[in-house]
Amino acid sequence: MKKTGAEVLWESLIREGVEVMFGLPGGQIIPAFDAMLNYPQLHFVLVRHEQGAAMMADGYARASGKVGVAVATSGPGATNLVTGIDVAMMDSSPVVFITGQVPSNLLGTDAFQEVDMTGISLPITKHNFLITSPDQVAHAVREAFYIARSGRPGPVLIDFCKDAQVAKTEVLESSDVHLFGYHPPTHAPAVQLEQAAELIRTAKQPVIFAGHGVMISGAVEEVRKFAERTNIPVAMTLLGLGALSSSHPLSLGMMGMHGTAHCNLAIQQSDLIIALGMRFDDRVTGNLKNYAPNARKIHVEIDPTEINKIIHADVALMGDVKTVLKDLDSRIPNAKHEEWLNQIKEWKQDSQQRDILVQPTNGKLHVPQIVNDIWKATKGEALIVTDVGQHQMWTAQYYPPENPYSFITSGGAGSMGFGLPAAIGAKFAQPGREVWAIVGDGGFQMTQAELSTAAQENIEIKIAIMNNHFLGMVRQWQEFFFEKRYSAVQLKNPDFCMIAEAHGIPSRRVLKPDEIHAAVEFARATRGPVLLDFHVEQEEAVYPMVPPGADLHAMIRRPIQDEKG
């Protein structure tokens with residue numbers, strides 16, 4: 001029995017296990033939306049802007065471990081996805097984007113709402129497909145999902161011509177996927193494993209780096225066991241937070257520009273770095289000339305393009321982090337590294353003395369205190385989604401995840417506007433889990449239209465806006481490095497509580513530290529979406545901070561109280 005290309009699309013998605021999608025219809029994708037009515041098992045979330053759909057699908061993918069799906073029409077609908085596609089590409093998030101396209105006979109004619117979406121998306125996708133015939137649909141969907149979730153995950157685009165949506169085909173299912181030249185590695189060669197083991201056996205001051213690849217490969221337990229058996233401390237990237245419990249004695253916390261001071265000092269003094277599923281981006285390394293100058297480097301990575309791209313690897317172990325750690329385990333004896341761990345303990349004590357939480361608030365509302373109070377109220381067990389900026393760094397520092405897969409943020413792309421839609425997607429992925437969106441007032445306004453989506457779906461997320469009337473991170477840079485010459489960073493904000501009320505969403509405004517607890521408990525006790533508007537200190541800075549281009553250990557640090565004079 002023949003079926004239309006649109007029908008084959010939805011049936012193919014169902015075979016891939018898709019249950020929920022995010023998007024917005026339009027002229028060139030109408031046939032697909034019409035056919036979707038025949039498949040009630042697919043839940044479609046109607047967004048208010050396609051960028052929101054892309055970021056919801058991304059949040060869903062990260063929270064579920066499944067492939068997210070976003071759908072849009074051609075032209076502006078498709079191009080509105082681009083920022084979200086880039087976020088997914090930079091952070092290795094498996095999302096399939098489906099866009100409508102003009103009929104195949106009109107391709108290249110500048111028809112109404114025609115855009116070369118495959119050409120536009122080529123640099124920011126793992127792969128893309130242009131479907132001009134219904135016979136291609138089943139194979140394209142099968143390959144798209146396989147590519148998106150295998151190896152180093154990432155986004156895949158399917159651009160679907162309108163005539164191929166309505167034409168019929170007998171090709172209703174796809175055979176197994178065999179892609180010539182695409183064979184992601186799993187096990188590293190034995191020779192390299194032995195070379196790595198020798199470096200680990202002889203190291204006196206080693207550090208494990210846990211990146212996003214640890215989470216993607218499901219290697220959290222392997223990292224913990226490896227660290228405990230060898231007594232090697234673990235530093236985490238922003239997207240690697242949760243790879244080791246923050247309360248674990250071997251946890252160094254986050255590395256890099258706004259990482260913990262003791263973590264960065266340990267990296268700079270180390271004699272061996274064991275980098276697991278991370279890519280040594282500039283926010284992690286600081287000045288490359290003086291980066292961990294005495295350390296040999298072992299780099300475990302599934303993507304060959306990342307090896308030696310930024311940092312030379314003394315030993316490169318190409319493969320999946322989980323299998324490589326298992327293969328390494330039998331080659332490495334137990335170790336203690338007592339002197340090294342004692343030195344790190346001293347550095348940690350200094351960091352604790354500089355913590356803003358041990359300093360008086362003087363009645364001021366500080367973001368770290370708010371985040372820490374949310375952490376206490378939720379016992380560190382909520383799924384936290386952030387936007388991008390100062391609040392993102394404070395959340396990474398003051399909502400230390402005890403469990404893996406509890407922190408979602410835009411890392412490589414650093415895309416403002418990510419927090420609210422990604423939290424909606426994450427809640428669809430984890431309906432039984434408490435989800436908080438911690439956002440800045442600047443980023444929130446970029447995608448605040450998705451409050452309508454949250455209200456329409458009655459999705460139970462808690463939104464905490466850190467409202468300082470500034471583009472905070474840019475302001476901090478202007479304060480530190482541009483003589484406090486503030487340019488285009490001050491915001492005249494609307495009344496966020498009134499906006500929430502217009503959507504039928506309960507809200508609270510918080511002005512003082514002693515109001516935090518009651519507001520958080522109000523949000524937790526209220527069903528559906530809730531918005532909290534925290535009017536925080538306006539010119540607060542995130543510490544520590546490695547100045548751009550500086551050595552990793554040359555951090556600007558918060559003064560100890562006695563040093564304030």
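The preceding data block contains the structure.
Here's what I pulled together on the structure shown here. Keep in mind it's a predicted model, so treat the numbers as computed, not measured. (Residues numbered from 1 in each chain as written. Predicted model: local features only at pLDDT ≥ 70, side-chain atom pairs only at ≥ 80, totals over all residues. Heavy atoms only, no water.)

## What about the packing of helix α16 (residues 367-378) against helix α23 (residues 516-525)?
Argument step 1. Contact geometry of α16 with α23 gives a least axis separation of 10 Å together with a crossing angle of 50°. Between α16 and α23, the crossing angle belongs to the class labelled oblique. Every pair of crossing elements has a handedness; the one defined by α16 and α23 is right-handed. Contact with α16, carried on its side by Gln369, Ile370, Asp373, Ile374, Ala377 and Thr378, involves Ile516, Val520, Glu521 and Arg524 of α23 and no other residues of that element.
Argument step 2. Class assignment for the residues of the contact of α16 with α23 results in 5 nonpolar, 2 polar and 3 charged. (Axes fitted to C-alpha atoms, helices over the stretch in contact; angles between N-to-C directions. Helix = DSSP H or I, 4+ residues; strand = E, 2+ residues; numbered from the N terminus. Parallel < 35°, antiparallel > 145°, perpendicular 65-115°, else oblique. Left-handed = near helix turned anticlockwise from the far one by under 90°. Contact = heavy atoms within 4.5 Å. Nonpolar A, V, L, I, M, F, W, Y, C, P; charged D, E, K, R; others polar.)

## Looking at the layout of surface pockets
A probe as big as a water molecule, rolled over the atoms, marks out the empty space that is left.
Argument step 1. Here the second largest pocket defines a volume of roughly 970 Å³.
Argument step 2. Lining the second largest pocket are 39 residues, with Thr260, His262, Asp355, Gln397 and Tyr398 positioned closest to its centre.
Argument step 3. The set of elements that each furnish at least two residues to the lining of the second largest pocket consists of β11 (251-254), α12 (261-269), α15 (338-353), α16 and α17 (390-398).
Argument step 4. If one sorts the elements of the lining of the second largest pocket by residue count, α15 sits on top with 5 residues. (1 Å grid on protein atoms, 1.4 Å probe; cavity = no way out; pocket = protein on both sides within 12 Å on 5 of 7 lines; lining within 4 Å. Points joined across faces, edges and corners; volume = space filled by probe spheres on them.)

## Topic: empty space enclosed by the protein
Argument step 1. Going through the model one piece at a time under the given rule, you end up with 2 cavities of 30 Å³ or more.
Argument step 2. Each pocket or cavity is described by its volume, and for the largest cavity that value is around 40 Å³.
Argument step 3. Taken together, Arg279, Phe280, His299, Glu306, Asn308, Lys309, Ile310 and Ile311 form the lining of the largest cavity.
Argument step 4. Considered class by class, the residues forming the lining of the second largest cavity number 2 nonpolar, 4 polar and no charged.

## With respect to the environment of Ala210
Argument step 1. Structurally, Ala210 is set in strand β9 (residues 206-210).
Argument step 2. Ala210 gets classed as buried once you look at its relative accessible area, which sits at 0%.
Argument step 3. Considered as a pair, Ala210 and Arg296 are 86 residues apart in the sequence and their alpha carbons are 16 Å apart.
Argument step 4. When sequence neighbours within four positions are dropped, the list of residues in contact with Ala210 reads Val234, Ala235, Met236, Thr237, Gly240, Ala243 and Leu276. (Buried < 20%, exposed > 50% of the residue type's maximum accessible area, 1.4 Å probe, protein only.)

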